[in-house]
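# Per-entry structural report
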Amino acid sequence: MDRTLSNFINALRNADVRISTAETLDAFNTVELVGYRDRQFLKDSLALVLPKTQDEKEAFDACFDQFFRYHEVDDKGMRRAANDDDGDEADEAEGGQGEGEGGGGSGGDPDAQQRTGKKKKKKSKGARDEEVADEDLGAGEMAEPDSKLGKLLMTNSKVQVSMAIAAAGREVDVQSITVFTQKGLYTRKIMDAMGLPDMQQEMAGLKQSRRIPDRRLAVELQHRREWLREQVRDHVEQQFLLHADAEGRRVREDMLRRIKLSNVEQRNQHLIKDVVFRMAKKLVAMHSRRKKVFKRGQLNVPRTIRHNMAYDGAIFDLHWKSKKVDRPKVFAICDVSGSVAEYARFMLMFLYSLEEVMPNIRSFAFSSDLAEVSDIFSRNRLDDAIAKTLRDYSAGSTNYTQSFRDFRKLCMDDIDNRTTIIILGDARNNYADSPTDILKEMYDRSKRLIWLNPEPRSTWNQGDSEMRKYSAYCHQVEECNSLMHLERVVNNLLRTVA
Amino acid sequence: MTDIAKIASSVKSLQESLEAHNYICSDQIATAVYLAYQLRKPILIEGPPGVGKTELAKTTSQMFELELIRLQCYEGLDEAKALYEWKYGKQLLYTQVLKETLDEVLQGAKGFAESVKRLHEFGDIFFSEEFLEPRPLMKALKAEDGCVLLIDEIDKADHEFESLLLEILSDYQVSIPEIGTLKATKNPPLVFLTSNNTREISDALKRRCLHLYIPFPDLELEQRIIHARVPEIPPELRRQLVQFIHELRDMDLKKVPAISETIDWARTLMLLHTDNLDQDLVRDTLNVILKFQEDIENVQPELSTLTSNALKA
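If you're wondering where the values come from, they're calculated on a predicted model, not measured in any experiment.

### Here we look at the overall build of chain A
- The secondary structure content of chain A amounts to 21 helices and six strands.
- Burial statistics for chain A: of 498 residues in total, 47% are counted as buried.
- Counting contacts in chain A only where the partners sit at least 6 residues apart, residues at least 24 apart contribute 76% of the total.
- Of the roughly 24,900 Å² of accessible surface on chain A, 48% is carried by carbon and sulfur atoms.

Printed below as a string of structure tokens:
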């Protein structure tokens, strides 16, 4: 009972719901109070105790439904297996075929073997025909199974079966499942560990038997075996979700942080977006707390007097007015020409996810000419805005000289000593003349000028790269081609500006 | 005296009892109150404005016949206004009195050490509960028969204030440096916190609370709410009106109408003796449900479709 709940909490954690130990204890108390009987009531109750944001509630809903679905199928399957003799035949035949090979194992109880005599492996066609014939045996006396698994299945106790499945699972170490392709393998392993080969043999023998009750039993066992297979598959599925999927995702995300942004595949785009938002959220949390330290400054006279009345009006316990913190003002200038576009995408995504701690972002995009794109971002959703920017401005070959000129025309006057300018580009000016006077002016006016270059340092200054020339007028020059780099840069940015 | 334990013994009876007090609620909400009472845990209620977060606390206090102590949060709220403050005036006055009678007090004291010892007896008195001015949180702890404590719009208060609440929420006690720890009576208060989600509440606070999210109600529930609040409204009009509001909520508006607006609108329509929604009437009363000119302008062109949908469905 307790195992169920802690497994469930484990699954929730894997689904990104943050649950502390204290909350786990609460959940146990809740379950003690509420019980497992009323599913909806349990769900409502746990939904109050465990997930604490709306996103988490959604994850919880999905998780709960999936996790506790198991038992519903359980009920239905058992009932069908127990009552319904003329089930879908095609289904059964298929099952029989699949199991044909597995059934040839050695061992098994002597009685069954003896009765089988000259048993032969049943392959699909033969098996099907016979089963169809067997369907019509009708209700009546039924033989007792001899194999261990057969006995277990005939007990009609799903609890015992579940326990047996779990035990077999532990035996074959199903928890170490790591990739989804192993699901089939582990299903087989568990079934074997539960003694399927024995039962298989027994069934084969029973089908050959002349006694009607024996044959009836064979049919019955066939039903139950299918039901069991379903259960085991569910069990493996659950274990996979509990253990493997989260592990795999963690590895994937860790890799995504380090991978070169231009190499991110299309199908991983949404994943990396999540990572970006999570990193941004972390930074927001970190820096919104940090600003509290700066909240000192002016004397708060009324409060000071009120608090010092207790000391006979002598003022020695001082109270301060909290001071508003300067939010960083960021100008992001992004090269969006083919080679750098992918990096620009993620930098913009990152910067705009930080809105809470950096509300004053103006962004500019250029390849040959430069234009401000802040408007596009304020009016559209982040995804759309980025797509639009890349579509509209990425044509043309890179021209830093012209772009700097445009920038001076547009907003050189807006740069003040609180502004941080981030330029993202590879500094490849296509062998054009690269005067640095405008960059120098930007450098002089701004608080900081940071140049992020997605190329590795070793290739800077090679070919048409003007990095050496430009870097003279930057406060900071960084190589930046993965999310980790990006996080580090933005973190420093917030720290120095706040 | 209502039997609190009996009402709170099951979700069903809670739900009925809340309904008897004109608060129609879903199973989730009733479950939350049930767990809060049984597990003695505060509830943090989140949800869009106007879905009855504050109302739940009020109704619960009525239902249990407990006093409602309300603390409205705002930026700059601190412990002096929320928890306790010393009665400085009284302290000053008593100091003066003491000054004048100092001679009598010290009379016969031999040596400095003994004088100081006698003075010490007074020192402690000045910082005793006599001189303590309890603010809402402390009042709630000291309430003899228990009470309902409503901490409203916690998201409006500063981060620091949340930390101040932690001790109260987890252990129902406060520590006052000069006196020590004050514990709640044997009936700790039933605590409701509400938040409009203007900012994230810290994990530490969330961890100590049950978390209830109240969304907009579905059609059927909202009809029942309207029925409870505005009983005189004819059923057909009620259905149309709720349908209309639900369609509005699906639109892209600056502020979508909440339950409180639906109730207001229902009352307005009753005042105008309406039996059926029609387009002109809706246009004239649109400002009851929409609070931004921009929204009103957005909805105007859609009015005829919206109204006919509401009539049809």
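### Description of the overall build of chain B
- For chain B, the helix and strand inventory stands at 17 helices and nine strands.
- The buried share among the 313 residues of chain B stands at 49%.
- By sequence separation, contacts in chain B at least 24 residues apart represent 75% of the contacts at least 6 residues apart.
- Summing over all exposed atoms, chain B offers an accessible surface of approximately 14,900 Å²; the carbon and sulfur share of this is 51%.

### As for the interface of chain B and chain A
- Each partner contributes residues to the interface: chain B has 31 residues there, and chain A has 28 residues.
- Approximately 2,500 Å² of surface area, both sides summed, lies buried where chain B meets chain A, with 59% of it carried by carbon and sulfur atoms.
- Broken down residue by residue, the surface that chain B buries against chain A is led by Tyr88, Arg207 and His211 of chain B, which jointly contribute 23%.
- Scanning the region where chain B abuts chain A turns up three salt bridges.
- Among the salt bridges present, the one from Lys41 of chain B reaches Asp26 of chain A, with a minimum N-O distance of 3.0 Å.
- Examining the composition of the side of chain B that touches chain A, we find that eight residues originate from one element, helix H3 (residues 27-39) of chain B, more than from any other.

### Quick look at the sheet that holds strand S8 (residues 190-195) of chain B
All names here are of chain B.
- Across the sheet, which stays open at both edges, the five strands sit in the order S2-S5-S8-S1-S9 with parallel pairing between neighbours. If you trace the sheet from one side to the other, it starts and ends with strand S2 (67-72) and strand S9 (210-213), each paired once. Adjacent strand axes in the sheet meet at a mean angle of 20° when their direction is disregarded.
- Looking at chain direction, S2 and strand S5 (residues 147-152) are connected through six bridges and run parallel. Paired with Glu67 across the bridge in S5 is Cys147.
- Across the sheet, H3 lies against strand S1 (43-46), S8 and S9, angled at about 165° from S9, the strand it touches most.

### Description of the packing of helix H1 (residues 2-14) of chain A against helix H2 (residues 21-34) of chain A
Residue and element names in this part refer to chain A.
- Contact pair H1 / H2: the axes reach a minimum separation of 11 Å and the direction vectors enclose 140°. The pairing of H1 with H2 is recorded here as oblique in orientation. You can see that H1 and H2 cross each other, and the crossing is right-handed. Of H2, the residues touching H1 (which contributes Asp2, Leu5, Ser6, Ile9 and Arg13) are Thr21, Thr24, Ala27, Phe28 and Val31.
- Partitioned by chemical class, the residues of the contact of H1 with H2 number five nonpolar, three polar and two charged.

### Let's talk about the pattern of salt bridges
Residues and elements named next belong to chain A.
- If you walk through the whole model with that rule in mind, you get 30 salt bridges over all chains.
- Taking the shortest distance from any N to any O, the salt bridge between Arg391 and Asp392 comes out at 2.9 Å.
- Residue classification places Arg391 among the exposed positions, given a relative accessible area of 58%.
- Taken together, the shared-partner salt bridges connect Arg39, Lys43, Asp61 and Asp65 into one network.

### Brief notes about the packing of aromatic side chains
- One pass over the full model with this rule turns up 18 aromatic pairs over all chains.
- A ring pair is formed by Phe41 of chain A and Tyr34 of chain B, whose centres lie 5.9 Å apart and whose planes are at 45°; its orientation type is tilted. Residue Phe41 of chain A is located in helix H3 (residues 39-49), and its partner Tyr34 of chain B is located in helix H3; the two belong to separate chains. This pair shows no difference in class: Phe41 of chain A is buried, exactly as Tyr34 of chain B is.
- Residues Trp451 of chain A and Tyr470 of chain A carry aromatic rings whose centres are separated by 5.0 Å and whose planes lie at 15° to one another, so their mutual orientation is stacked. With Trp451 of chain A in strand S5 (residues 448-453) and Tyr470 of chain A in helix H20 (residues 467-471), this pair connects stretches of sequence that are 19 residues apart.
- Residue Trp451 of chain A is classed as buried on the basis of its relative accessible area of 0%.
- Relative accessible area serves as the criterion here: at 0%, Tyr470 of chain A is assigned to the buried category.
- Aromatic ring contacts, followed pair by pair, group Phe366, Tyr400, Phe404, Trp451 and Tyr470 of chain A into a single cluster.

### Structural notes on the environment of Thr178 of chain A
Residue and element names in this part refer to chain A.
- Among the structural elements, Thr178 can be located in the loop between helix H9 (158-171) and helix H10 (183-193).
- Owing to a relative accessible area of 48%, Thr178 belongs among the partly exposed residues under this scheme.
- Spatially, the C-alpha atom of Thr178 lies 9.8 Å from that of Leu241, the residues being 63 residues apart in sequence.

### Section: the packing of H2 of chain A against H3 of chain A
All names here are of chain A.
- In contact at an axis separation of 10 Å, H2 and H3 are set at 155° when each is read in the N-to-C sense. It follows that H2 is roughly antiparallel to H3 by the angle criterion. The chirality of how H2 crosses H3 is right-handed. Here Glu23, Asp26, Ala27, Thr30, Val31 and Val34 of H2 lie close against H3, whose contacting residues are Phe41, Leu42, Ser45, Leu46 and Val49.
- A class-by-class count of the residues in the contact of H2 with H3 yields seven nonpolar, two polar and two charged.

### Re the pairing of S8 of chain B
Residue and element names in this part refer to chain B.
- With six of six residues buried, S8 lies mostly within the body of the structure.
- Residue alternation in S8 divides its side chains into two sets, Leu190, Phe192 and Thr194 and Val191, Leu193 and Ser195, and both sets are buried.
- As defined by bridge partners, S1 adjoins S8 across four bridges and the pair is classed as parallel. Bridging across to S8, Leu44 finds its partner in Leu193.

### Observations concerning the nonpolar core
- The biggest cluster of nonpolar side chains holds 86 residues, and the ones touching the most others in it are Phe8 and Leu46 of chain A together with Phe244 and Trp265 of chain B.
- Residues contacting Leu46 of chain A, with those up to four places away along its chain left out, are Leu5, Phe8, Ala27, Val31, Pro51, Phe60 and Phe64 of chain A.
- In terms of nonpolar packing, the next biggest core, distinct from the first, is built from 45 residues, Met347, Phe350, Phe377 and Leu486 of chain A among them.

### Some remarks on a nonpolar patch on the surface
- On the surface, a nonpolar cluster with roughly 590 Å² of combined accessible area is contributed by Leu299, Val301, Ile305, Met309, Ile315, Leu318 and Trp320 of chain A.
- Assignment of secondary structure puts Leu299 of chain A in the loop between helix H13 (269-290) and helix H14 (301-308).

### Details of the side chain of Ser17 of chain B
- Turning to its location among the elements, Ser17 of chain B is positioned in helix H2 (residues 11-20).
- Among residues more than four places away in sequence, those in contact with Ser17 of chain B are Ile7 and Met63 of chain B.

### Considering the sheet that holds strand S1 (residues 329-335) of chain A
Residues and elements named next belong to chain A.
- Here six strands make up an open sheet; going across it, the order is S3-S2-S1-S4-S5-S6 and the pairing mixed. Looking at the sheet topology across the chains shown, the edges are occupied by strand S3 (370-372) and strand S6 (476-479). Each strand of the sheet is rotated relative to its neighbour by a mean of 20°, with strand direction disregarded.
- As paired strands, S5 and S6 are joined by four bridges and run parallel to one another. Paired with Asn453 across the two strands is Glu479, which belongs to S6.

### Description of unusual backbone geometry
All names here are of chain A.
- Positive phi values are uncommon outside glycine, yet Ala427 reaches one of about 60°.
- Tracing the backbone shows Ala427 in the loop between strand S4 (419-424) and helix H19 (437-445).
- Ala427 sits in the buried class, given a relative accessible area of 0%.

What counts, and at which threshold
- Residues numbered from 1 in each chain as written.
- Chains lettered and ligands numbered in written order.
- Predicted model: local features only at pLDDT ≥ 70, side-chain atom pairs only at ≥ 80, totals over all residues.
- Heavy atoms only, no water.
- Helix = DSSP H or I, 4+ residues; strand = E, 2+ residues; numbered from the N terminus.
- Buried < 20%, exposed > 50% of the residue type's maximum accessible area, 1.4 Å probe, protein only.
- Contact = heavy atoms within 4.5 Å.
- Areas by Shrake-Rupley, 256 points an atom, 1.4 Å probe, with all protein chains shown as cover.
- Buried area = accessible area lost by both parts, 1.4 Å probe.
- Salt bridge = Lys/Arg side-chain N within 4 Å of Asp/Glu carboxyl O.
- Pairing = 2+ DSSP bridges.
- Axes fitted to C-alpha atoms, helices over the stretch in contact; angles between N-to-C directions.
- Parallel < 35°, antiparallel > 145°, perpendicular 65-115°, else oblique.
- Left-handed = near helix turned anticlockwise from the far one by under 90°.
- Nonpolar A, V, L, I, M, F, W, Y, C, P; charged D, E, K, R; others polar.
- Phe/Tyr/Trp six-rings, centres within 6.5 Å; stacked < 30°, edge-to-face > 60°.
- Core = buried A, V, L, I, M, F, W, Y, C linked by side-chain atoms within 4.5 Å.
- Patch = residues over 30% accessible without salt bridge, like charges linked within 9 Å, V, L, I, M, F, W, Y side chains within 5 Å.

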